[in-house]
Amino acid sequence: MAYDAHDMEKYEECITFGKTGHAEDPTNNEVKERVALAICNSYQTIEELRRELARLVQEKGSFTDEVVVELSQRLDGYIYAIQSGRHIQSKINEE
């Protein structure tokens, strides 16, 4: 599911599903390696979007510009999902 989420540009889901799957499956296999790469690529995409947001704010001169707000909200969703995934991961590790 994580790999498919990445292909659909649902990076937050990719990270969440991928981390959960890695925690639940103790084996080493090609699928897990591909999921790990998808997770890394998702983080990279999010970092690229952060840089784009900073550039847009400078270009537009405003945090309230429609394009800036839209990108900021997208990033907020990704970051929230990552943080939620960490919370889920810590719960799994506690069990």
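Residues numbered from 1 in each chain as written. Predicted model: local features only at pLDDT ≥ 70, side-chain atom pairs only at ≥ 80, totals over all residues. Heavy atoms only, no water.

Visitor: I would appreciate a short explanation of the nonpolar core in the present structure.
Guide: Most often, soluble globular proteins keep nonpolar side chains buried together rather than apart. In terms of nonpolar packing, the biggest core is built from 18 residues, with Cys14, Ile46, Leu53, Leu75 and Tyr78 touching the most fellow members. Those elements that place two or more of their residues in this core are α1 (2-7), α2 (11-24), α3 (30-60) and α4 (66-94). The element contributing the most residues to this core is α3, with eight residues. The contacts of Leu75, once residues within four sequence positions are left out, are Ile46, Leu49, Arg50 and Leu53. (Core = buried A, V, L, I, M, F, W, Y, C linked by side-chain atoms within 4.5 Å. Buried < 20%, exposed > 50% of the residue type's maximum accessible area, 1.4 Å probe, protein only. Helix = DSSP H or I, 4+ residues; strand = E, 2+ residues; numbered from the N terminus. Contact = heavy atoms within 4.5 Å.)

Visitor: How should α3 be read in this particular structure?
Guide: Quick reminder: α-helices carry 3.6 residues per turn. Residues three or four places apart thus point the same way. The end-to-end C-alpha distance of α3, which contains 31 residues, comes to 44 Å, matching closely the 45 Å that a straight helix rising 1.5 Å per residue would cover. Of all the positions in α3, only Lys32, Val35, Ala38, Ile39, Ser42, Thr45, Ile46, Leu49, Leu53, Leu56 and Val57 are classed as buried. A side-chain oxygen of the first residue of α3 lies 3.1 Å from the backbone nitrogen of Val31; this N-cap is Asn29. (Expected span 1.5 Å × (residues − 1). Polar contact = N/O pair within 3.5 Å; in protein donor to acceptor, adjacent residues only side chain to side chain.)

Visitor: Please clarify how the side chain of Lys32 should be interpreted in this entry.
Guide: Examined against the element boundaries, Lys32 turns out to sit in helix α3. Buried and without a salt bridge, Lys32 has Asp25 as its closest oppositely charged side chain, separated by 4.9 Å. The residues touching Lys32, leaving out its near neighbours within four places in the chain, are His22, Asp25, Pro26 and Thr27. (Lys, Arg positive; Asp, Glu negative; His and termini not counted. Salt bridge = Lys/Arg side-chain N within 4 Å of Asp/Glu carboxyl O.)

Visitor: Looking at this structure, I do not really get the side chain of His6. What am I missing?
Guide: Tracing the backbone shows His6 in helix α1. Beyond its immediate stretch of four places on either side in the chain, His6 contacts Tyr11, Cys14, Ala38, Asn41 and Ser42.

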